[in-house]
Amino acid sequence: MNAASNLTLDYFDNDASLIYGIGNIGRQDDGLGWEFIDCLETVSACTKAEKVKFYQLNLEDADLISYRQRVLFVDASKDSTVDSFRLYKAEPKMDVSFTSHAMSIETIMAICWQCFGKIPEVYVLAIRGYEWELQLGLTTPARHNLSLAVSHMSPLATIE
């Protein structure tokens, strides 16, 4: 177990933090990042942090995170080794093969460092998804994983 696995939303509940949901609600479980943000809004959790939702990471996100002390990225994961969710600290890494449609969190961090000479503390909450077709709504197993992730991050919050 790593140190990040003990983090809760309390750690991000300040105006120097950003919670960034990545995904596409029109592609089933790819919407997990957005659903996580929606859950926080519904239960009024982490009210001091800025929350955003975007379809994918963009070059401009290096600027967005440069103003923060802490960032929590929330995204769906296709990784079969992730049982329900995984919370970990990210480290900057420049990926020379990135395109505008495949930028990683680590690349955004490296660009932030290169352009602004600073980088926030960045964590990733990867929630296991299963289906990615053009369809609205999470699958039942993904919704269960979302519930587990929300409960872990905010023990007093529950979702249906």
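Residues numbered from 1 in each chain as written. Predicted model: local features only at pLDDT ≥ 70, side-chain atom pairs only at ≥ 80, totals over all residues. Heavy atoms only, no water.

**Regarding the pairing of strand β3 (residues 70-77)**
- β3 sits mainly inside the fold: 7 of its 8 residues count as buried.
- One ladder, built from 5 bridges, connects strand β1 (residues 17-22) with β3; its direction is parallel. Across the sheet, isoleucine 19 pairs through a bridge with leucine 72, a residue of β3.
- Pairing analysis gives 8 bridges linking β3 to strand β5 (residues 121-128), with the strands arranged parallel. Paired with valine 71 across the bridge in β5 is valine 122. (Buried < 20%, exposed > 50% of the residue type's maximum accessible area, 1.4 Å probe, protein only. Helix = DSSP H or I, 4+ residues; strand = E, 2+ residues; numbered from the N terminus. Pairing = 2+ DSSP bridges.)

**Quick notes on the sheet that holds β1**
- In space, the 5 strands of this open sheet follow the order β2-β1-β3-β5-β4, with mixed pairing throughout. Whereas interior strands pair on both sides, the edge strands pair on one side only; in this sheet they are β2 (50-54) and β4 (85-89). Strand after strand, the sheet turns through a mean of 15° between neighbouring axes, direction not considered.
- Packed on one face of the sheet, helix α3 (residues 105-116) meets β1, β3, β4 and β5 and runs near 165° to β5. (Axes fitted to C-alpha atoms, helices over the stretch in contact; angles between N-to-C directions. Contact = heavy atoms within 4.5 Å.)

**Remarks on the layout of surface pockets**
- Of the pockets and cavities examined, the largest pocket occupies roughly 360 Å³.
- What lines the largest pocket is a set of 17 residues, among which Ile22, Asp75, Ala76, Met103 and Ile105 lie closest to the centre.
- Secondary structure elements with two or more residues in the lining of the largest pocket: β3, α3 and β5.
- Here the residues of the lining of the largest pocket sort into 10 nonpolar, 4 polar and 3 charged. (1 Å grid on protein atoms, 1.4 Å probe; cavity = no way out; pocket = protein on both sides within 12 Å on 5 of 7 lines; lining within 4 Å. Points joined across faces, edges and corners; volume = space filled by probe spheres on them. Nonpolar A, V, L, I, M, F, W, Y, C, P; charged D, E, K, R; others polar.)

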